[in-house]
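Summary of structural features
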Amino acid sequence: FNVVIRDSLPASLTFVSATPSSGGSCFVPEVGDNGTVDCTWAGSSGLLVTRTVQIVAKVDPTLTSGSEIVNIGETYSSVNDPNESNNTRIVRTTV
């Protein structure tokens, strides 16, 4: 039901590409820019249907080795979600 996956890229990353799973479309920053990736799937997704986005980003070359990049992705839907605790994912990566 109108699923959205949103990823606001951290300042240390620049956008390269985004590929949504079947039926999705994405609004993205310009290649080489920082910004937010918003991917949507209109209409009904059905019970237990998985929606995914593969996002490729480039690390700022001035970032110091050993630095940590923290990236946060979020999901939304037009339907009331009884378990909103699983709608955010935090990924930590060491450079």
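Below is a summary of the structure that appears in this document. (Residues numbered from 1 in each chain as written. Predicted model: local features only at pLDDT ≥ 70, side-chain atom pairs only at ≥ 80, totals over all residues. Heavy atoms only, no water.)

**Brief notes about the layout of surface pockets**
The volume enclosed by the largest pocket comes to roughly 1,200 Å³. Considering the residues around the largest pocket, the lining is formed by 37 residues, among which Val 3, Ile 5, Arg 51, Thr 75 and Asn 86 are closest to the centre. Elements represented by at least two residues in the lining of the largest pocket include exactly strand 1 (3-8), strand 5 (53-59), strand 6 (68-76) and strand 7 (88-94). With seven residues, the single largest contributor to the lining of the largest pocket is strand 6. Looking at the lining of the largest pocket residue by residue, the classes come out as 18 nonpolar, 12 polar and seven charged. (1 Å grid on protein atoms, 1.4 Å probe; cavity = no way out; pocket = protein on both sides within 12 Å on 5 of 7 lines; lining within 4 Å. Points joined across faces, edges and corners; volume = space filled by probe spheres on them. Helix = DSSP H or I, 4+ residues; strand = E, 2+ residues; numbered from the N terminus. Nonpolar A, V, L, I, M, F, W, Y, C, P; charged D, E, K, R; others polar.)

**Re the pairing of strand 1**
In this sheet, strand 4 (residues 36-41) lies alongside strand 1 in antiparallel orientation, the contact comprising six bridges. Its bridge partner lying in strand 4, Val 3 is registered against Trp 41. In this sheet, strand 6 lies alongside strand 1 in antiparallel orientation, the contact comprising five bridges. Residue pairing across strands places Asp 7 opposite Gly 73, the latter belonging to strand 6. (Pairing = 2+ DSSP bridges.)

**Some points on the environment of Gly 66**
Its location among the elements puts Gly 66 in the loop between strand 5 and strand 6. Beyond its immediate sequence surroundings of up to four residues, Gly 66 is in contact with Thr 94 and Val 95. (Contact = heavy atoms within 4.5 Å.)

**Brief notes about the side chain of Asp 7**
Its location among the elements puts Asp 7 in strand 1. No salt bridge is formed by the buried Asp 7; its nearest oppositely charged neighbour, Arg 6, is found at 9.2 Å. Only 2.9 Å separates the side chain of Asp 7 from the side chain of Asn 71, close enough to count as a polar contact. With residues up to four places along the chain from it excluded, the contact list for Asp 7 reads Gly 35, Thr 36, Val 37, Ile 55, Asn 71 and Ile 72. (Buried < 20%, exposed > 50% of the residue type's maximum accessible area, 1.4 Å probe, protein only. Lys, Arg positive; Asp, Glu negative; His and termini not counted. Salt bridge = Lys/Arg side-chain N within 4 Å of Asp/Glu carboxyl O. Polar contact = N/O pair within 3.5 Å; in protein donor to acceptor, adjacent residues only side chain to side chain.)

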